[in-house]
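Here are the chains, one letter per residue:
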Amino acid sequence: MIRMEICGAQIGFAITGSFCTIEKAFRQIQNLMDAGAVVCPILSFHAAAMDTRFITAEDLNRRLGELTGRSAIKSIAEAEPIGPKKPFDLVMVLPCTGNTTAKIASGITDTPVAMAVKAQLRNERPVLIALSTNDGLSANAKNIGALLNVKHIYFAPFYQDDPVQKPRSLLFHDEMILPAAREALCGRQIQPVLHR
Ligand SMILES: Cc1cc2nc3c(=O)[nH]c(=O)nc-3n(C[C@H](O)[C@H](O)[C@H](O)COP(=O)(O)O)c2cc1C
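Residues numbered from 1 in each chain as written. Predicted model: local features only at pLDDT ≥ 70, side-chain atom pairs only at ≥ 80, totals over all residues.

Caption draft 1: Summary view of the site of the ligand. Residues in contact with the ligand amount to 17 residues; listed here are only the nearest, Thr16, Gly17, Ser18, Ser44 and Thr97. Going through the elements one at a time, helix H2 (45–49), helix H6 (98–106) and strand E4 (127–133) are the ones with two or more residues in the shell around the ligand. Residue classes in the shell around the ligand are distributed as 4 nonpolar, 13 polar and no charged. (Near = placed C-beta within 6 Å. Helix = DSSP H or I, 4+ residues; strand = E, 2+ residues; numbered from the N terminus. Nonpolar A, V, L, I, M, F, W, Y, C, P; charged D, E, K, R; others polar.)

Caption draft 2: Main features of the packing of H6 against helix H8 (residues 141–148). Running from N to C, H6 and H8 point in directions that differ by 50°, and their axes come no closer than 9 Å. Between H6 and H8, the crossing angle belongs to the class labelled oblique. Crossing hand, H6 versus H8: left-handed. Across the interface between the two elements, Thr101, Ala102, Ile104 and Ala105 from H6 touch Asn143, Ile144, Ala146 and Leu147 from H8. A breakdown of the residues in the contact of H6 with H8 according to their chemical character gives 6 nonpolar, 2 polar and no charged. (Axes fitted to C-alpha atoms, helices over the stretch in contact; angles between N-to-C directions. Parallel < 35°, antiparallel > 145°, perpendicular 65-115°, else oblique. Left-handed = near helix turned anticlockwise from the far one by under 90°. Contact = placed C-beta atoms within 7 Å.)

Caption draft 3: Quick peek at helix H7 (residues 112–122). Burial analysis of H7 places 9 of its 11 residues in the buried class, which makes it a mostly covered element. Within H7, burial applies to Pro112, Val113, Ala114, Met115, Ala116, Val117, Lys118, Ala119 and Gln120. A positive phi of about 55° marks Glu124, the residue just after H7. (Buried ≥ 20, exposed ≤ 12 C-beta atoms within 10 Å, placed from the backbone.)

Caption draft 4: Structural view of the pairing of E4. Most of E4 is tucked away: 7 of the 7 residues are buried. Burial of E4 is two-sided: the residues Val127, Ile129, Leu131 and Thr133 facing one way and the residues Leu128, Ala130 and Ser132 facing the other way are all buried. Bridging between strand E3 (residues 90–96) and E4 involves 4 bridges; their strand directions are parallel. Paired with Cys96 across the bridge in E4 is Leu131. Summarising the sheet, E4 and strand E5 (residues 153–155) pair through 3 bridges and their orientation is parallel. (Pairing = 2+ DSSP bridges.)

Caption draft 5: Highlighting the nonpolar core. Of all hydrophobic cores here, the largest spans 60 residues; its most connected members are Met92, Ala116, Leu128, Ile129 and Ala130. With residues up to four places along the chain from it excluded, the contact list for Ala130 reads Met92, Val93, Leu94, Pro95, Cys96, Ala156, Phe172 and Ile177. (Core = buried A, V, L, I, M, F, W, Y, C linked by C-beta atoms within 7 Å.)

So, in structure tokens, the structure goes:
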């Protein structure tokens, strides 16, 4: 049975290597939990292991564990049972890198996040993508276009976060995440998709 509201929903929250938006991801996890969702983190290999100027891998893993009280899914083997066991009403990818966007659009399944998305789609259950990539209006535009046309994939509203300095960059809209998740749980794409 598909759950239609955030309260009580089981959400697989997938984080990929857009490290400048990690704090936004933490805030969205908190918002979902405050709304009554049960959140299980899923990390791409790079998100789980890379030390960057924004956060160390150790801090990221520790803070996620403290926030959710769950150990993250961090391998393809751990993500694969999402198919047969159907634990999630919704899988969200927030932030979703250009790299992961391209993999999902191309059917490449070589990271835990790509595996989680593939397994969720196998069950015809919703996936919500929250873009954060500097090539959204260049190399990845075709992949975003392809995914906009895929059943059970929904997009958090996104916008050009810095049209002057980074004219090809797209970023999800913070304040639209909860409403977008609610709509995706109901099998609907929130509108408008392009939102500032
Ligand atoms: C500090 C830092 C910030 C990054 N920010 C982004 C970003 O915002 N968006 C993006 O698409 N890639 C970003 N990248 C590049 C990705 O981490 C890289 O493409 C990686 O292969 C993504 O793998 P994943 O999608 O499996 O997590 C960043 C890399 C570093 C080191």
